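What the coordinates show
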Amino acid sequence: MDFDVAIEDAAARTGMANEPPLSREEFEARLRGKSTSYHIHHPFHVMMAEGKLTRAQLQGWVANRFYYQIAIPVKDAAIMSNCPDREIRREWIQRILDHDGYEIGGIKDPGGIEAWIRLGEAVGLTRDDVTSLRHVVPAARFAVDAYVNFARQRSWQEAIASSLTELFAPHIHQQRIDTWPDMYPWVDTEGLQYFRNRLTQARRDVAHGLRFTLDYFSRSRALQERALEILQFKLDVLWALADAIMLSECRVEITGPKA
Ligand SMILES: O=C(O)c1cc(C(=O)O)c2c(n1)C(=O)C(=O)c1cc(C(=O)O)[nH]c1-2
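Below is a summary of the structure that appears in this document. What you see is a predicted model, and the numbers here were worked out from it, not measured in a lab. (Residues numbered from 1 in each chain as written. Predicted model: local features only at pLDDT ≥ 70, side-chain atom pairs only at ≥ 80, totals over all residues. Heavy atoms only, no water.)

1. Brief notes about the packing of helix 4 (residues 55-81) against helix 8 (residues 138-153)
A pair of packed helices can be characterised by two numbers: the angle between their axes and the separation between those axes. Running from N to C, helix 4 and helix 8 cross one another at 10°; their axes reach a closest spacing of 9 Å. Taken together, the axes of helix 4 and helix 8 lie roughly parallel to each other. Residues Asn64, Tyr67, Tyr68, Ala71, Val74, Lys75, Ala78 and Ile79 of helix 4 form the contact with helix 8, whose participating residues are Ala140, Arg141, Val144, Asp145, Tyr147, Val148, Ala151 and Arg152. Of the residues contributing to the contact of helix 4 with helix 8, the split by class is 11 nonpolar, 1 polar and 4 charged. (Axes fitted to C-alpha atoms, helices over the stretch in contact; angles between N-to-C directions. Helix = DSSP H or I, 4+ residues; strand = E, 2+ residues; numbered from the N terminus. Parallel < 35°, antiparallel > 145°, perpendicular 65-115°, else oblique. Contact = heavy atoms within 4.5 Å. Nonpolar A, V, L, I, M, F, W, Y, C, P; charged D, E, K, R; others polar.)

Encoded structure:
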């Protein structure tokens, strides 16, 4: 989107045409303050951290969340396809490699999608249970598709801002690494590698995404408010995904006894 059009669009959406911009520090604090609506506070994730999920519910979460995992590189490719800035694309492509994996010059990484399938096996699902998507409930698809559609339809700058829930993700990954071995001792701890990998990857991603958002959206107050709205939209996607999984019967269990 042309920058003048972006400013006008943000002003029309937020009604903040004349206010001065927040300082960079204040804007960052407002973005970080959105952590109160992160899905770590969703009852399903609270139950997960407290060891209260049944085996079938944990399996249901892993099977449904796979749909998010496979959507992420598609979303990132949509951002790149809308982005004429070569420097941004050079950074952004790393996200696709992280999830899809690669084999370049003898260096191999199976990638995050493969790591998630192994997480599925660690909770007692088969590879086919996960990759067939047969356990993905309709509302989980709608929530994830809304994120991909946002990245396809809105400007690449707005789509970058929508990735900023990753500010809060290392905390929830660490929580799973810390709690699952005690709470769900039947899960093979090798499967937690996905979460370990994301600790560094998410911190690196967010350093880039945040720097870009602070630079681009600080040029008007309306743009800053628009970035905050966009982050709220993405928080809502994750919250709705958790709602969908919690409300599904989560009766995935194909193998093994019920806890
Ligand atoms: O497990 C989680 O709670 C969680 C949350 C998020 C997030 O906050 O968006 C991501 C991830 N995981 C994740 O693993 C991941 O690769 C990822 C990419 C993105 C994104 O928006 O580009 N979010 C997230």
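Back to the write-up after that little detour.
2. As for the packing of helix 8 against helix 12 (residues 221-247)
Running from N to C, helix 8 and helix 12 cross one another at 160°; their axes reach a closest spacing of 7 Å. Here helix 8 lies roughly antiparallel to helix 12, going by the angle between them. Considering only the axes of helix 8 and helix 12, their crossing is left-handed. The segment helix 8 lies against helix 12, with Ala139, Ala140, Ala143, Val144, Ala146, Tyr147 and Phe150 engaging Arg226, Ile230, Phe233, Lys234, Val237, Ala240, Leu241 and Ala244. (Left-handed = near helix turned anticlockwise from the far one by under 90°.)

3. Considerations on the pattern of salt bridges
Following the criterion strictly, the structure yields 19 salt bridges and no others. With a shortest N-O distance of 2.5 Å, aspartate 215 and arginine 24 are connected by a salt bridge. Pair noted here: aspartate 215 is in helix 11 (residues 193-217) and arginine 24 is in helix 2 (residues 24-33), with a separation of 191 residues, a long-range link. The partly exposed category is assigned to aspartate 215, whose relative accessible area is 43%. On the basis of relative accessibility, which here comes to 35%, the residue arginine 24 falls in the partly exposed class. Arginine 204 serves as the salt-bridge partner of aspartate 205, at 2.6 Å between the closest nitrogen and oxygen. (Salt bridge = Lys/Arg side-chain N within 4 Å of Asp/Glu carboxyl O. Buried < 20%, exposed > 50% of the residue type's maximum accessible area, 1.4 Å probe, protein only.)

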